[in-house]
Amino acid sequence: MTIVATGVGRSGTTMVSRILGELGVFMGASLTGPTHEDAEVKQCVKTSDEERFARLCRLRDAGHDVWGFKNPGFRDLLPLWEKHLRNPRVIFIFRDILAIAMRNHLALDMDVLEALGLATRSYDKALRRLSESQCPALLLSYEKCLAAPDEAVQRIGEFCGVSLSAAGVAAATAAIRNGDPRYLASDGP
């Protein structure tokens, strides 16, 4: 199984990636610091290198029964590149668009109204791509995850078919928090 953690940038994809990692899902050999993003997948998406992505998937498939990656930009490629994923499952996280806009305002020095428009357009495009995809999808609310972290971890674990140990659940639940200082200090993806 291959698990894709995606969504609009700054919507909570880092949190989902950390949860998956704590549940024992391999999320990449070289993760980008605070954003917990697979550097190899990120480069494939950034350069639109589908052939390299396909090779990377075959290598990961050979080494892991279950593996995943986090990449917000992959949402736009999902219906095009999902054919390279073995038994794919998508976790798409949603967040209040004003919160996303405010984070973009702080991290990228964007005008708040401009950032709000960008978030709205990004969600519109993402929903079109998600509806074009054939992958099973788990839709999560960032705010609901914060309010009920145990339930969020259970739903993610069940959706991904991973065994939920008490230690894994505790560590994954601890990964659900707003305002992680490591992430806030970064510019994000």
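Note that the coordinates shown come from a computational prediction; the quantities given were computed from them, not determined experimentally.

> Looking at this structure, I do not really get the overall build of the protein. What am I missing?
The secondary structure content of the protein amounts to 10 helices and 6 strands. Classification of the 189 residues of the protein by burial places 48% in the buried group. For the protein, long-range pairs separated by at least 24 residues make up 72% of all intrachain contacts whose partners lie at least 6 apart in sequence. Accessible surface, the protein as shown: approximately 8800 Å² in total, 55% of it carbon and sulfur. Distance between charge centres in the protein, computed from 23 positive and 23 negative side chains, equals 1 Å.

> Can you walk me through the packing of aromatic side chains in this structure?
Where two aromatic rings form a pair, the distance of their centres and the angle of their planes describe that pair. The final tally for this structure, using the stated rule, is 8 aromatic pairs. Geometrically, the ring pair formed by Phe53 and Phe69 is edge-to-face, given 5.9 Å between the ring centres and 80 degrees between the ring planes. Here Phe69 lies in strand β4 (residues 67–70) and Phe53 lies in helix α3 (residues 50–63), a separation of 16 residues in the sequence. Like Phe69, Phe53 is buried. When the centroid spacing of 4.8 Å and the interplanar angle of 45 degrees are considered together, the rings of Phe92 and Phe94 count as tilted.

> Explain the nonpolar core here, please?
Side chains of a nonpolar character, in soluble globular proteins, are inclined to be buried together. Judged by nonpolar contacts, the single largest core of 26 residues is most densely connected at Ile19, Leu20, Ile91, Leu140, Ile156 and Cys160. Those elements that place two or more of their residues in this core are β1 (2–7), α1 (13–22), β5 (88–94), β6 (137–141), α7 (142–147), α8 (149–160) and α9 (166–174). With 5 residues, α8 is the single largest residue contributor to this core. Excluding residues within four positions of it along the chain, Ile19 makes contact with Val153, Ile156, Ala172, Ala175 and Ile176. Counting 23 residues, the second largest nonpolar core, distinct from the first, contains Val4, Phe74, Val90 and Ile100.

Reading the values: the criteria
- Positions within a chain are numbered from 1, following the residues in the order the chain's sequence is written.
- Local features in this predicted model are restricted to residues whose pLDDT is 70 or higher, and side-chain atom pairs enter the listing and the counts only when it is 80 or higher, whereas totals over whole chains, interfaces and linings include all residues.
- As a convention, hydrogens and water are excluded, and side-chain values are obtained from all of the structure's heavy atoms.
- Strands here mean DSSP runs of E at least two residues long; helices mean DSSP runs of H or I at least four residues long; both are numbered from the N terminus.
- With a 1.4 Å probe rolled over the protein chains alone, any residue whose accessible area is under 20% of its type maximum counts as buried; one over 50% counts as exposed, and the rest are partly exposed.
- Throughout, a contact is declared for two residues whenever any of their heavy atoms are within 4.5 Å.
- Throughout, the Shrake-Rupley method with a 1.4 Å probe supplies accessible areas, and for residues the shown protein chains are the sole cover considered.
- When charges are counted, neither His nor the chain ends are considered; positive counts come from Lys and Arg and negative counts from Asp and Glu.
- Taken as the charge location is NZ of Lys, CZ of Arg, CG of Asp or CD of Glu.
- Under the pairing criterion, centres of Phe, Tyr and Trp rings, with the six-membered ring standing for Trp, must be within 6.5 Å; the plane angle then separates stacked pairs below 30 degrees from edge-to-face pairs above 60, leaving the rest tilted.
- Here, nonpolar core means buried Ala, Val, Leu, Ile, Met, Phe, Trp, Tyr and Cys residues that are tied together by side-chain atoms lying within 4.5 Å of each other.

Everything listed here is a matter of geometry and, on its own, says nothing about what the molecule does.
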